[in-house]
Amino acid sequence: MNDVDCVINALITALREAFAPGSEYPPLGGGTEHVRVFAGDAIPLSAWNAHAEGGDNCGEPFLWVRLVRRYRTQAFPAPFVGPAPCGLPSAVAIEVGVGRCAVVELEPSWDDYATEAEIGIDDSWRIDLALCRAMSKIMQSECGLNTAIDSIVPYGPEGGVVAYIGTGYVQLNGGV
């Protein structure tokens, strides 16, 4: 297994653990063990038709892992842009996220907003938890030399979706 596969697998495992429906402290909005893996530039939420007619896409959270970029670094986690980068260490930025259906009623109540906020606060904590657990596993399994975590940021409710997204950075062992 190459270093990037090791990193992605650690993140998938950590997300499954953090959002396990049968855990001792299950997610407030319900959990899942399904984690989708994406490549490409588009936000994974664009692939999830949350409010599709006849579907039950709102029954569980939408979890994902996405390779955002692979780059060279001279001062991890910052990317290096300059001459002769190929001798520098490689690094990756990996996005993890959770999406849920937002309240889309014509006149949502204050209680609807409060419930959505409570679930979002819990989801953001779980994204942070998953990133921290994954970074620890990555260091223990030696598929990365250094790790870093960026802010957990909200998305939505545009498109009827509320999400929380975090990014982890890993300096890979592989070198050139």
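Structure's up top.
Residues numbered from 1 in each chain as written. Predicted model: local features only at pLDDT ≥ 70, side-chain atom pairs only at ≥ 80, totals over all residues. Heavy atoms only, no water.

Visitor: I'd like a rundown of the packing of helix H1 (residues 3-18) against helix H2 (residues 110-140), residues and numbers included.
Guide: Running from amino to carboxyl end, H1 crosses H2 at an angle of 140 degrees, the nearest separation of the two axes being 8 Å. Judged by the angle between their axes, H1 and H2 are oblique. Considering only the axes of H1 and H2, their crossing is right-handed. Two secondary-structure elements touch here, H1 through Val 7, Ala 10, Leu 11, Thr 13, Ala 14, Leu 15, Glu 17 and Ala 18 and H2 through Arg 126, Ile 127, Leu 129, Ala 130, Leu 131, Arg 133, Ala 134, Met 135, Lys 137 and Ile 138. Across the contact of H1 with H2, the residue classes tally to 13 nonpolar, 1 polar and 4 charged. (Axes fitted to C-alpha atoms, helices over the stretch in contact; angles between N-to-C directions. Helix = DSSP H or I, 4+ residues; strand = E, 2+ residues; numbered from the N terminus. Parallel < 35°, antiparallel > 145°, perpendicular 65-115°, else oblique. Left-handed = near helix turned anticlockwise from the far one by under 90°. Contact = heavy atoms within 4.5 Å. Nonpolar A, V, L, I, M, F, W, Y, C, P; charged D, E, K, R; others polar.)

Visitor: Give a detailed account of the nonpolar core, specifying residues and quantitative values.
Guide: Core analysis: the largest hydrophobic core is formed by 30 residues, its most contacted members being Val 7, Leu 11, Leu 15, Val 65 and Ile 127. Those elements that provide at least two residues to this core are H1, strand S2 (62-75), strand S4 (90-101), H2 and strand S7 (161-172). Considering each element in turn, this core owes the most residues, 10 residues, to H1. The contacts of Val 7, once residues within four sequence positions are left out, are Ile 94, Ile 138, Cys 143, Val 170 and Leu 172. Listed in part, the 8 residues of the second largest apolar core include Phe 62, Trp 64, Val 161 and Ile 165. (Core = buried A, V, L, I, M, F, W, Y, C linked by side-chain atoms within 4.5 Å. Buried < 20%, exposed > 50% of the residue type's maximum accessible area, 1.4 Å probe, protein only.)

Visitor: Can you break down unusual backbone geometry residue by residue, with the values?
Guide: Going from Phe 76 to Pro 77, the amide bond is cis rather than trans, its omega being 10 degrees. With respect to the helices, strands and loops of the structure, Pro 77 is situated in the loop between S2 and strand S3 (78-79). Omega for the bond connecting Gly 156 with Pro 157 falls within 30 degrees of zero, at 15 degrees, which places this linkage in the cis form. Unusually for a residue other than glycine, Ala 84 sits at a positive phi of about 50 degrees. For Ala 84, a relative accessible area of 68% puts it in the exposed group. In this structure, Glu 142 takes a positive phi of about 60 degrees despite not being glycine. Assignment of secondary structure puts Glu 142 in the loop between H2 and strand S5 (144-149).

Visitor: Please give an account of the state of the cysteines that cites residues and values.
Guide: This structure, assessed with the given rule, holds 2 disulfides. Here Cys 6 pairs with Cys 143 through a disulfide, and the sulfurs are 2.3 Å apart. Disulfide Cys 6-Cys 143: the torsion about the S-S bond is -70 degrees, which places it as left-handed. Of this pair, Cys 6 sits in helix H1 while Cys 143 sits in the loop between H2 and S5, placing them 137 residues apart in sequence. The pair formed by Cys 6 and Cys 143 is uniform in burial state, with each residue classed as buried. The disulfide partner of Cys 58 is Cys 101, and the S-S distance across this bridge is 1.8 Å. Measuring the twist about the S-S bond at about -85 degrees, one finds the Cys 58-Cys 101 disulfide to be left-handed. (Disulfide = S-S within 2.5 Å.)

Shape descriptors only; they carry no functional weight alone.
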